[in-house]
4 protein chains.
Amino acid sequence: MSLREVQEEVDKWVSQLKSGYWSQFEIMTRLSEEVGELAREVNHKYGQKKKKTAQEGSDIEEEIGDIIFTLACLANKEKIDLDECFKKAMNKCYGRDKDRFEKK
Amino acid sequence: MSLREVQEEVDKWVSQLKSGYWSQFEIMTRLSEEVGELAREVNHKYGQKKKKTAQEGSDIEEEIGDIIFTLACLANKEKIDLDECFKKAMNKCYGRDKDRFEKK
Amino acid sequence: MSLREVQEEVDKWVSQLKSGYWSQFEIMTRLSEEVGELAREVNHKYGQKKKKTAQEGSDIEEEIGDIIFTLACLANKEKIDLDECFKKAMNKCYGRDKDRFEKK
Amino acid sequence: MSLREVQEEVDKWVSQLKSGYWSQFEIMTRLSEEVGELAREVNHKYGQKKKKTAQEGSDIEEEIGDIIFTLACLANKEKIDLDECFKKAMNKCYGRDKDRFEKK
C-alpha cells in the first residue's frame with residue numbers, strides 16, 4: 001500500500017462522518033492519545049508493569065496503525081503529501097544530520 | 001512510495017550506523033520528541049505563542065516525516081509490517097468503532 | 001502538600017519495590033502513556049468520540065495525578081528538586097518569554 | 001512550595017494575559033510540546049544523538065518545570081485541585097495497583 005493510498009483511505013472514511021476532519025488541536029490531542037497507547041504496549045512487552053486483563057487485545061501493530069491513521073488525518077486536513085513528508089525526513093538523514101550518528 | 005519502501009529506506013539508513021536500531025524505550029522517547037516538535041509547529045501555526053526566530057525552518061510537513069521515520073524504526077525493530085498496521089486501523093474503523101462517530 | 005512532600009511520598013513508594021526506579025527511558029515511556037491517558041479523558045470530555053464503557057472510572061483529575069507522580073520519579077532518579085524546576089519555569093515566564101504573549 | 005501555590009502562581013501569570021487560559025485542546029498540544037522537549041533532553045543526556053549547539057541552554061530541570069506549569073494551567077482551567085490529583089495517584093499505588101509491581 002502506498003502513502004498516497006493511506007491518505008485516500010482515511011479521506012474516504014472521514015468523508016462519511018458528520019463531523020468531518022477535526023481541528024488541528026483536536027487531532028494533536030488524539031495523536032497524543034494514540035502515542036500513549038503505543039507506549040503502554042511497549043511498557044507491557046518490555047517493561048515491568050503487569051498487564052491488566054481488561055486492556056488485552058490491542059498490540060504494538062494496532063497502535064502503530066492508529067498513529068499512521070491520525071497522521072494521515074492531519075496531513076489531509078493540512079493538504080500535505082505524506083510522500084513529501086517522508087522525503088524530507090530522509091533528506092535530513094543524509095544531509096543535515098549525516099554526522100550526528102557514528103557510522104560503522 | 002509504499003509503506004514497504006518506507007521501511008526499506010529506513011533500514012538502509014540504520015544499517016550503516018554503528019549503533020544499529022535503538023532499544024524500544026529509546027525509540028519511544030524519540031517518538032515523544034518528534035511528536036512534541038509537530039505539536040510546536042501546530043501551536044505556532046494555529047496557536048497564540050509567537051515563534052522564536054531560532055526555531056524557524058522546520059514545519060509541519062517535516063515533523064510528520066520524522067514521526068513516520070520513527071514509527072518505521074520501531075516496526076523494523078519489532079519485525080512488524082506497516083501495511084498490516086494500517087490495515088488493522090482501518091478494520092477497526094469499519095468494525096469495532098463503526099458506531100462511535102455520527103454519520104452524515 | 002508541598003512539591004518536596006510529593007517527591008518524598010513517591011520515593012517512599014518506589015523504595016519498597018524490587019525494581020527501584022526505572023531507567024530514564026522507561027520513565028519517559030511511562031510519561032508518554034500517562035499523557036496519552038490524560039489526552040483520552042480530554043477527548044472524551046470535549047471531543048466527539050463516545051466513551052467506551054470499559055474505560056469509565058478514570059478522569060482528568062486522576063490522570064494529572066499520574067503525570068505528577070511520573071515526573072517526581074524522574075526528578076528523584078535525576079536528584080532534581082521540583083521546587084527548582086517550577087522556579088525556572090516561572091522565571092522564564094517573567095523573563096525570556098515575557099513578550100511572547102499579548103498582555104491585557 | 002505547595003501544589004496550591006503552584007496553581008496560584010500560574011493563575012497570577014495567566015490572569016495578566018489577553019488570551020487568558022487556552023482551550024483544553026490547546027493546553028494538551030502544549031503539553032505534548034513540553035513533554036517532547038523533556039524527551040529531547042533525556043535523549044541528549046542518555047541517548048546516542050549529539051546535541052546541536054543551537055539547542056543548548058535548556059535542561060531536564062527546566063523542562064520538568066514547564067510540564068508542571070502546563071498541568072497547572074489545565075488544572076486551573078478545569079477547576080481541579082492538584083493536591084486532590086496527587087492524592088488519587090498515591091491511593092491507586094497503595095490500592096488498585098498494589099500487586100502490579102514486585103516488592104522487595
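Residues numbered from 1 in each chain as written. Chains lettered and ligands numbered in written order. Predicted model: local features only at pLDDT ≥ 70, side-chain atom pairs only at ≥ 80, totals over all residues. Heavy atoms only, no water.

Q: I tried to follow the overall build of chain A on my own but got confused; where do I start?
A: When you go through chain A residue by residue, the secondary structure sums to 4 helices and 0 strands. Along chain A, from the amino end to the carboxyl end, the secondary structure elements read α-α-α-α. The C-alpha radius of gyration of chain A comes to 17 Å, more than 25% above the 13 Å expected for a compact globule of 104 residues. Structurally, chain A occupies a C-alpha span of about 50 × 45 × 25 Å along its principal axes. For chain A, the proportion of its 104 residues judged to be buried stands at 61%. Within chain A, residue pairs in contact and separated by at least 24 positions form 66% of the contacts whose partners lie at least 6 positions apart. Only carbon and sulfur atoms are counted for the fraction: they give 48% of the accessible area of chain A, which is about 4,400 Å². Here chain A holds 20 positive side-chain charges and 22 negative ones, and the gap between their average locations is 5 Å. (Helix = DSSP H or I, 4+ residues; strand = E, 2+ residues; numbered from the N terminus. Rg over C-alpha atoms; globule rule 2.2 N^0.38 Å. Buried < 20%, exposed > 50% of the residue type's maximum accessible area, 1.4 Å probe, protein only. Contact = heavy atoms within 4.5 Å. Areas by Shrake-Rupley, 256 points an atom, 1.4 Å probe, with all protein chains shown as cover. Lys, Arg positive; Asp, Glu negative; His and termini not counted. Charge placed at Lys NZ, Arg CZ, Asp CG, Glu CD.)

Q: Just to check I follow, could you spell out the interface of chain A and chain C for this structure?
A: Note: interface size is frequently given as the accessible area lost on complex formation between the parts. Taken together, the contact pairs 15 residues of chain A with 15 residues of chain C. Around 1,500 Å² of area is buried between chain A and chain C when both sides are counted, 45% of it from carbon and sulfur atoms. The tally of links between chain A and chain C comes to 0 salt bridges. Counting the contacts that link chain A with chain C gives 2 residue pairs in polar contact (both at pLDDT 80 or more). In the side of chain A that touches chain C, the residues fall into 3 nonpolar, 7 polar and 5 charged. (Buried area = accessible area lost by both parts, 1.4 Å probe. Salt bridge = Lys/Arg side-chain N within 4 Å of Asp/Glu carboxyl O. Polar contact = N/O pair within 3.5 Å; in protein donor to acceptor, adjacent residues only side chain to side chain. Nonpolar A, V, L, I, M, F, W, Y, C, P; charged D, E, K, R; others polar.)

Q: Looking at this model, I keep getting lost on helix α1 (residues 3-15) of chain D. Mind explaining?
A: Spacing of three or four residues puts side chains on the same side of an α-helix, whose turn is 3.6 residues. A rise of 1.5 Å per residue sets the reference length of α1 of chain D, with its 13 residues, at 18 Å; its end C-alpha atoms lie 18 Å apart and thus fit the reference within 8%. Among all positions of α1 of chain D, only Leu-3, Val-6, Gln-7, Val-10, Trp-13 and Val-14 of chain D are buried. Buried residues along α1 of chain D cover an arc of 130 degrees about the axis, so they all sit on one side. Each element contacted by the buried residues of α1 of chain D is listed here: α1 (3-15) and α4 (82-94) of chain C together with α3 (60-77) and α4 (82-94) of chain D. (Expected span 1.5 Å × (residues − 1). Arc of directions from axis to C-beta.)

Q: Got a minute to help me understand helix α4 (residues 82-94) of chain B in this structure?
A: With 13 residues, α4 of chain B should reach 18 Å at 1.5 Å per residue; the first-to-last C-alpha distance of 19 Å fits that figure. Those residues of α4 of chain B lying buried are Leu-82, Asp-83, Cys-85, Phe-86, Ala-89, Met-90, Lys-92 and Cys-93 of chain B.

Q: What am I meant to see in the packing of helix α3 (residues 60-77) of chain A against helix α3 (residues 60-77) of chain B here?
A: A pair of packed helices can be characterised by two numbers: the angle between their axes and the separation between those axes. At a minimum axis separation of 11 Å, α3 of chain A and α3 of chain B run at an interaxial angle of 165 degrees. On the basis of their axis angle, the class for α3 of chain A and α3 of chain B is roughly antiparallel. As for the relative orientation of α3 of chain A and α3 of chain B, their crossing is left-handed in sense. Listed contacts from α3 of chain B to Ile-64, Ile-67, Ile-68, Leu-71, Leu-74 and Ala-75 of chain A of α3 of chain A are Ile-64, Ile-67, Ile-68, Leu-71, Leu-74 and Ala-75 of chain B. (Axes fitted to C-alpha atoms, helices over the stretch in contact; angles between N-to-C directions. Parallel < 35°, antiparallel > 145°, perpendicular 65-115°, else oblique. Left-handed = near helix turned anticlockwise from the far one by under 90°.)

Q: How should the interface of chain A and chain B be read in this particular structure?
A: Opposite the 58 residues of chain A that make contact, chain B presents 58 residues. Taken over both partners, the interface formed by chain A and chain B buries close to 5,700 Å², and the fraction arising from carbon and sulfur atoms is 70%. Counting the surface chain A buries against chain B, the share from its top three residues, Trp-13, Glu-61 and Phe-86 of chain A, is 12%. Remark: the boundary between chain A and chain B carries 10 salt bridges. Two residues, Glu-62 of chain B and Lys-92 of chain A, come together in a salt bridge whose shortest N-O distance is 3.1 Å.

Q: Help me out: how do you make sense of the environment of Ser-15 of chain A in this one?
A: Mapped onto the fold, Ser-15 of chain A is located in helix α1 (residues 3-15). A distance of 2.4 Å separates the side chain of Ser-15 of chain A from the backbone oxygen of Asp-11 of chain A, its partner in a polar contact.

Q: Please clarify how the relation of the copies chain A and chain C should be interpreted in this entry.
A: Note on the identical chains: chain A maps onto chain C by a rotation of 180 degrees and an axial translation of 0.0 Å, with an RMSD of 0.0 Å. The transformation just described matches what one would write down for a two-fold rotation axis. Relative to the rotation axis, the closest C-alpha in chain A is found at Gly-36 of chain A, a distance of 2.0 Å. (Least-squares fit on C-alpha atoms with pLDDT ≥ 70 in both.)

Q: Could you clarify how one ought to interpret the pattern of salt bridges in this entry?
A: Charged atoms that come close allow side chains of opposite charge to pair. In this structure the tally under the stated criterion is 36 salt bridges over all chains. Its salt-bridge partner being Glu-41 of chain B, residue Arg-40 of chain B comes within 3.4 Å of it at the nearest N-O pair. In this structure, the salt-bridge partner of Glu-33 of chain C is Arg-30 of chain C, at a minimum N-O distance of 3.4 Å. Note that Glu-33 of chain C and Arg-30 of chain C are positioned in helix α2 (residues 24-46) at a spacing of 3 residues, about one turn of the helix. A single burial state applies to Glu-33 of chain C and to Arg-30 of chain C, both of which are buried. The network of salt bridges with shared partners includes Arg-4, Asp-81 and Asp-83 of chain A.

Q: Hey, could you run me through the relation of the copies chain A and chain B in this one?
A: Laying chain A over chain B is done by rotating through 180 degrees and shifting 0.0 Å along the axis; what remains is an RMSD of 0.0 Å. Take the interface residues of chain A: 100% of them recur as interface residues in chain B, which is what a same-surface contact looks like.

Q: Is there a simple way to think about the packing of aromatic side chains in this case?
A: Residue and element names in this part refer to chain B. Across all of its chains, the model carries 4 aromatic pairs over all chains by this definition. Taking the centre distance of 5.8 Å and the plane angle of 70 degrees together, the rings of Trp-13 and Phe-69 count as edge-to-face. Taken together, the residues Trp-13 in helix α1 (residues 3-15) and Phe-69 in helix α3 connect sequence positions 56 residues apart. In this structure Trp-13 comes out as buried when scored by relative accessible area, which is 5%. (Phe/Tyr/Trp six-rings, centres within 6.5 Å; stacked < 30°, edge-to-face > 60°.)

Q: Can you help me understand the environment of Ser-23 of chain D in this one?
A: All names here are of chain D. One can find Ser-23 in the loop between α1 and α2 (24-46). Between the alpha carbons of Ser-23 and Asp-66 there is a distance of 18 Å; along the sequence they are 43 residues apart. At 3.1 Å, the side chain of Ser-23 forms a polar contact with the backbone nitrogen of Glu-26.

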